[in-house]
Amino acid sequence: MISTNDLQDIKKEKILEAAYQRFLHYGYSKTTMNEIAGDLSMSKALLYYYFPDKSQLYTDVMRRVADEYLGLLSNKGDSFKDLCEAFQFEINTQHTFMLNNYNFFDYFRLNEQNLPDLIWQIVEQVHQTEKDLLVNAINAEVEKGIIKPIENPAEIVELLLDALHGVRVSAQSYKKTMFPNREHLDEIRKKRLVLANIFIKGLMY
């Protein structure tokens, strides 16, 4: 027999999935709690019982979205044939995930100067996981003797990620917003791949 807590968890998961689909197709600003409740044939009062406001609901959905992305990174593990493949994987995986969830992230465009602390914690976890993946890839190449030992691989990767972030910003420097337009994403991806290749060659020679 399913317990009351299990039923509540199931209902909460259904809310999160319905909210994700709304945020994904219409964006945060054009999604209302009434619409999410309607999609679930649920009263608005019951929806608010689980999530007091749309911002908290978005944050919980963001946690699920981030977990999916982190799963993509973790599943690959350290199975890269070389450093180039590792960096290409990180850049291309992030690009595809951003493209597939583009409308969902309109919350960042609307609130990029005032994101809640919980959102920043999720962003930091994602950043740390990306950094760990690339640091492990560098250490693996050192162990193979392909590149010379590096004293501070974490700092080196942090510097590269900052540089890749700069590529994203510079691609639309004519705008004040830091979040790229959808039509710029592929151009940004290509530039990041070029920069990563230059970085890798710098480690090798």
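If you're wondering where the values come from, they're calculated on a predicted model, not measured in any experiment.

**Here we look at unusual backbone geometry**
Here comes step 1: Positive phi, normally seen in glycine, also occurs at S41, with a value near 50°.
Here comes step 2: In this structure, S41 sits in the loop between α2 (33-39) and α3 (44-50).

**Overview of the pattern of salt bridges**
Oppositely charged side chains are able to pair whenever their charged atoms sit close together.
Here comes step 1: Taken as a whole and assessed by the stated rule, the structure comprises 11 salt bridges.
Here comes step 2: Between E13 and R64 there is a salt bridge whose closest N-O contact spans 3.4 Å. Of this pair, E13 sits in helix α1 (residues 4-26) while R64 sits in helix α4 (residues 54-76); the two residues are 51 residues apart in sequence, bridging distant segments of the chain.
Here comes step 3: When its relative accessible area of 41% is taken as the criterion, E13 is described as partly exposed.
Here comes step 4: The salt bridge partner of R22 is D39, with a shortest N-O separation of 2.6 Å. Residue R22 is found in helix α1, and its partner D39 is found in helix α2; the two are separated by 17 residues along the sequence.
Here comes step 5: With a relative accessible area of 16%, R22 lands in the buried category.
Here comes step 6: One continuous salt-bridge network, built from bridges that share partners, spans E13, E17 and R64.

**Some thoughts on the packing of α4 against helix α7 (residues 117-144)**
Here comes step 1: Relative to each other, α4 and α7 sit at 5°, their axes nearing to 10 Å. Taken as axis vectors, α4 and α7 run roughly parallel relative to one another. Packed against α4, whose contacting residues are Y58, T59, M62, R63, A66, Y69, L70 and L73, the element α7 presents L118, I119, I122, Q125, V126, T129, E130 and L133 at the interface.

**Let's talk about the packing of helix α5 (residues 83-100) against α7**
Here comes step 1: It is the contact of α5 with α7, at a shortest axis distance of 9 Å, that shows an interaxial angle of 165°. Relative to α7, the element α5 lies roughly antiparallel. The two elements α5 and α7 cross, and the hand of that crossing is right-handed. For the pair formed by α5 and α7, the contact residues are L83, A86, F87, F89, E90 and Q94 on the first element and E130, L133, L134, A137, I138 and E141 on the second.

**Structural notes on a nonpolar patch on the surface**
Here comes step 1: Together, I146, M204 and Y205 make up an exposed nonpolar region whose accessible area comes to about 360 Å².
Here comes step 2: Its place among the elements puts Y205 in the segment after α9 (185-204).

**Quick word on the nonpolar core**
Here comes step 1: Counting 56 residues, the largest nonpolar core has L57, Y58, V61, F87 and F104 as the members making the most contacts within it.
Here comes step 2: Tallying contributions element by element places α4 first for this core, with nine residues.

**Regarding α7**
Here comes step 1: For α7, built from 28 residues, the straight-helix expectation of 40 Å at 1.5 Å per residue is met to within 8% by its first-to-last C-alpha distance of 41 Å.
Here comes step 2: Phi turns positive one or two residues past the end of α7, at G145, with a value near 80°.

**Points about the environment of L161**
Here comes step 1: Within the secondary structure layout, L161 lies in helix α8 (residues 153-170).
Here comes step 2: On the basis of relative accessibility, which here comes to 8%, the residue L161 falls in the buried class.
Here comes step 3: For the pair L161 and A196, spaced 35 residues apart in the sequence, the C-alpha separation amounts to 9.3 Å.

**Points about α9**
Here comes step 1: With 20 residues, α9 extends 29 Å from end C-alpha to end C-alpha; this agrees with the ideal 28 Å at 1.5 Å per step.
Here comes step 2: If you check which residues of α9 are buried, you get L185, I188, R189, R192, A196, F199, I200 and L203. Along the axis of α9, the buried positions cluster into a sector of 110°, meaning they face one direction only. More than 90 degrees from the buried face of α9, the exposed residues found are V194, I198 and G202.

About the cut-offs
Residues numbered from 1 in each chain as written. Predicted model: local features only at pLDDT ≥ 70, side-chain atom pairs only at ≥ 80, totals over all residues. Heavy atoms only, no water. Helix = DSSP H or I, 4+ residues; strand = E, 2+ residues; numbered from the N terminus. Salt bridge = Lys/Arg side-chain N within 4 Å of Asp/Glu carboxyl O. Buried < 20%, exposed > 50% of the residue type's maximum accessible area, 1.4 Å probe, protein only. Axes fitted to C-alpha atoms, helices over the stretch in contact; angles between N-to-C directions. Parallel < 35°, antiparallel > 145°, perpendicular 65-115°, else oblique. Contact = heavy atoms within 4.5 Å. Left-handed = near helix turned anticlockwise from the far one by under 90°. Patch = residues over 30% accessible without salt bridge, like charges linked within 9 Å, V, L, I, M, F, W, Y side chains within 5 Å. Areas by Shrake-Rupley, 256 points an atom, 1.4 Å probe, with all protein chains shown as cover. Core = buried A, V, L, I, M, F, W, Y, C linked by side-chain atoms within 4.5 Å. Expected span 1.5 Å × (residues − 1). Arc of directions from axis to C-beta.

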